[in-house]
Amino acid sequence: MEFSELIRTGQAQAELLRGPEMPPLRGTLCVTGHHLLLSPGPQATPDLWLLLLRSVDSIEKRVAGDAGTITLRCKDLRVLQLDIEGVEATLDIARSIEALSSLESVITSFPFFYRPKGLRLGEAWHFHPPERYYKRIARETRAWRLSEANEDFSLCPSYPRAVIVPRAVDDDALARSARFRQGGRFPVLSYYHAPRGTVLLRSSQPLTGRQKLRCAEDEELLRAVLAEARPGARGFIVDTRSAQAAKQARMTGGGTEAKAAYPGWKRLHRPLERGRPLQESFVRLMEACGDPEQSMDRWLSRLDGCRWLSHVKEALSTACLAAQGMEWEGACILVHGAEGTDSTLLVTSLAQLILDPLSRTMAGFQELIEREWIQAGHPFQLRCAHSAFSHTRPKHEAPIFLLFLDCVWQLGRQFPLSLEFGEGMLLALFDHSYASPFGTFLCNSEKERCLCEVRTRTHSLWSGLNQPKEQRKLRNPLYVPNPLAIWPSVEPQSLRLWQGLFLRWTHPPEPSEVAWEKVWQIATDQKTEGSQPTDSASEPQP
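Source: prediction; values computed, not measured. (Residues numbered from 1 in each chain as written. Predicted model: local features only at pLDDT ≥ 70, side-chain atom pairs only at ≥ 80, totals over all residues. Heavy atoms only, no water.)

> Can you help me understand the overall build of the protein chain in this one?
Secondary structure assignment for the protein chain yields 19 helices and 14 strands. Against the globule reference of 24 Å for 542 residues, the protein chain gives a C-alpha radius of gyration of 25 Å, in line with a compact fold. With the principal axes as the frame, the protein chain shows a C-alpha extent of 80 × 60 × 50 Å. Across the 542 residues that make up the protein chain, the buried fraction comes to 55%. For the protein chain, restricting intrachain contacts to residue pairs at least 6 apart in sequence, the fraction spanning at least 24 positions comes to 72%. In the form shown here, the protein chain has an accessible surface area of approximately 24000 Å², with 53% of it arising from carbon and sulfur atoms. Of note, the protein chain has its 65 positive side-chain charges centred 6 Å away from the centre of its 64 negative side-chain charges. (Helix = DSSP H or I, 4+ residues; strand = E, 2+ residues; numbered from the N terminus. Rg over C-alpha atoms; globule rule 2.2 N^0.38 Å. Buried < 20%, exposed > 50% of the residue type's maximum accessible area, 1.4 Å probe, protein only. Contact = heavy atoms within 4.5 Å. Areas by Shrake-Rupley, 256 points an atom, 1.4 Å probe, with all protein chains shown as cover. Lys, Arg positive; Asp, Glu negative; His and termini not counted. Charge placed at Lys NZ, Arg CZ, Asp CG, Glu CD.)

Put into structure tokens, the structure is as follows:
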């Protein structure tokens, strides 16, 4: 299929309305295979306005007289209005945008055509391999090994080729454990907490079913985890489903770890919403944020009714529970829900940010995203197919990754000196996870990326974000390394709506941008004078 077959009208005269406080643009509107662009007339600014069609979430069109209007609601939460001359041109452009923005083929998406100056294909894809993280663990303990039993993705299609497992467990046992876990996601190491010698693991649910089946190799794997920690070590299984949901899962072949089969392990249920309820919460939040006429009482009622901040609270609380088990009780932690690709990754990644100072650096955070979300098999292609404005009924969409970014923003707000990256980094990750010229968030797993040759045919997002000109927008100028754990408050008074994301297109951004630039200037001047900001007085205490 050629892109030209889907473009009904190549260009038209139009006026673009981009939101409050932004002047309209008038010029020639053009539709290409991947972009919508508007070229202003010779009397206006020479800058070209460009929109990646993949970022369009929904489109509305209406005509009146000899003109028409197209409203584009974007995955990055922008709302754009195009006033177009000519009814036929309006309808043809709307149909073209609808067709081109909904193409499902990965290899025809823009990242496979994007060739920016100064970047080379293959660059930065090698920055965060599993081998690098394993080498760091190997310096601390010899109890773990890097297994390539999944080299051909036959054990688990959603795991990377190499995973970290107990040294005492061989690859044959891993294969049997994989057959006992949903989707083959047997327990693997997520994080080694060196100060206490404890570990954080992740997996999917065991397939015990109605017959309460057991797997000796799966039981052996978890026994080996405790044996390698220290004599008498104990573990907690943090199940991100309710006890009732876990019990119901047995009716369809799933289930939980039986207490008698896994001595030393205690199960804790901490239910986290995922799937459609989380997507609907996101939609209701954006509906509330997009209504400028509501009263204060109405706004507060809708904010409470959407339950978004409740999801933030529950995610942070569960991550704190996992982190406290490792730090305070010296216990090993296994996290799983059903599939192990959504709320499981949310908890393991947040727990690492709380405990691990390295994860709070710019490079460490990028590695965390790569290792705990991308390589760990979060299905970005499915979860981020639509944002908050789509008119289609949700299928697989769920803003799990956005919920993670919101939780990280809450950490940064409560501990403003402890994260090396700032809000700009989180906003960039949100935007690119839904629509990007880079290939990092394409597909649903490493297996799919290999089949599509993503790593050899597209550019890595990290190569773009790590360019010097980008770093000033992404880094936190107040950052001071903090070797301690950061324990967030999850009290209602402590959690805030992330205005920089949810309201960034409805409130003028200039004041915050000016303030951010001033902070950079002050921090740069202090460093030039040889002084550093202190971390003691400004940092909230646990």
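More follows now that the structure is in view.
> Explanation requested: the sheet that holds strand β6 (residues 67-74) in the structure shown.
Strand pairing within a sheet occurs via backbone hydrogen bonds; the two strands may be parallel or antiparallel. As summarised here, the arrangement of the seven strands in space is β4-β3-β2-β1-β7-β6-β5, forming an open sheet in which the pairing is antiparallel. Edge strands, defined here as strands with exactly one partner in the open sheet, are β4 (49-52) and β5 (56-64). Across the sheet, the mean angle separating the axes of adjacent strands is 30° when strand polarity is ignored. Pairing geometry for β6 and strand β7 (residues 79-85), over seven bridges, is antiparallel. (Pairing = 2+ DSSP bridges. Axes fitted to C-alpha atoms, helices over the stretch in contact; angles between N-to-C directions.)

> It is not clear to me how the confidence of the model for the protein chain should be interpreted in this structure. Could you clarify?
Predicted coordinates in areas of low pLDDT are best not read in detail. Here the protein chain averages 90 in pLDDT, while 94% of its residues score no lower than 70. Here helix α19 (residues 510-528) stands out as the least confident element of the protein chain, with mean pLDDT 69; helix α9 (residues 343-355) is the most confident, with 98. Ignoring residues within four places in sequence, the model shows residues 531-542, a span with pLDDT below 50, making 21 contacts including any to other chains. (pLDDT = per-residue confidence, 0-100.)

> Would you mind showing me how to read the side chain of S109 here?
Assignment of secondary structure puts S109 in the loop between α1 (87-101) and α2 (130-138). Assessed through its relative accessible area of 15%, S109 is described here as buried. Of note is the side chain of S109, whose polar atom sits 2.5 Å from the backbone oxygen of V106. Beyond its immediate sequence surroundings of up to four residues, S109 is in contact with H34 and L442. (Polar contact = N/O pair within 3.5 Å; in protein donor to acceptor, adjacent residues only side chain to side chain.)

> How should I be thinking about the pattern of salt bridges in this particular structure?
In total, this model carries 29 salt bridges according to the counting rule given. Here E85 ties to R26 by a salt bridge, and the two come within 2.2 Å at their closest N and O atoms. Here E85, found in strand β7, pairs with R26, found in strand β2 (residues 25-31); they are 59 residues apart in sequence, far enough to count as distant. Note on E85: relative accessible area 43%, which makes it partly exposed. (Salt bridge = Lys/Arg side-chain N within 4 Å of Asp/Glu carboxyl O.)

> Explanation requested: the pairing of β2 in the structure shown.
Successive residues of a regular strand alternate their side chains across the two faces of the sheet. Within β2, five of the seven residues are buried, leaving the element largely enclosed by the surrounding structure. As paired strands, strand β1 (residues 11-17) and β2 are joined by six bridges and run antiparallel to one another. Residue E15 lies in a different strand from β2, and its bridge partner there is R26. Pairing analysis gives five bridges linking β2 to strand β3 (residues 35-40), with the strands arranged antiparallel. Considered in β3, the bridge of C30 is made with L37. Between β2 and the antiparallel strand that follows it, β3, lie three residues.

> Honestly, the sheet that holds strand β12 (residues 235-239) in this entry has me stumped. Any pointers?
With respect to topology, five strands assemble into an open sheet ordered β10-β11-β14-β12-β13, the strand pairing being mixed. Two strands bound the open sheet, and with one partner strand each, they are β10 (188-193) and β13 (265-269). Averaged over all pairs of adjacent strands, the angle between their axes in this sheet comes to 20°, without regard to strand direction. As judged from the three bridges shared by strand β11 (residues 198-202) and strand β14 (residues 332-336), these two strands associate in the parallel manner. Note that in β14 the partner of L200 across the bridge is I333.

> It is not clear to me how the state of the cysteines should be interpreted in this structure. Could you clarify?
Each disulfide is one covalent bond, formed between the sulfur atoms of two cysteines. Overall, the coordinates contain zero disulfides when judged by the stated rule. Take C156: it sits in no disulfide, and the sulfur closest to it among the cysteines is that of C450, at 13 Å. Counting only cysteine sulfurs, C443 is the nearest neighbor of C450, a cysteine outside any disulfide, at a range of 9.5 Å. With relative accessibility at 34%, the residue C450 sits in the partly exposed group. (Disulfide = S-S within 2.5 Å.)

> What exactly am I supposed to notice about the packing of helix α8 (residues 308-327) against helix α12 (residues 400-414) here?
When two helices pack together, their arrangement is given by the angle between the helix axes and by the axis-to-axis distance. At their nearest, the axes of α8 and α12 sit 10 Å apart, and the two run at 75° to each other. The pairing of α8 with α12 is recorded here as roughly perpendicular in orientation. In this structure, α8 contributes W308, L309, H311, V312, A315 and L316 to the contact, and α12 contributes L402, L403, D406, C407 and Q410. Among the residues making up the contact of α8 with α12, the classes are represented as eight nonpolar, two polar and one charged. (Parallel < 35°, antiparallel > 145°, perpendicular 65-115°, else oblique. Nonpolar A, V, L, I, M, F, W, Y, C, P; charged D, E, K, R; others polar.)

> What should I look at first to understand the nonpolar core in this one?
Grouped together as the largest cluster of nonpolar side chains are 120 residues, with contacts concentrated most on F365, F404 and F502. Per-element accounting of this core gives the leading share, ten residues, to α12. Sequence-distant contacts of F502, defined by excluding residues within four places in its chain, comprise L77, F282, L285, M286, C289, W308, L402, D406 and L497. If you look at the next biggest cluster of nonpolar residues, it comprises 27 residues, including L38, L53, L72 and L80. (Core = buried A, V, L, I, M, F, W, Y, C linked by side-chain atoms within 4.5 Å.)

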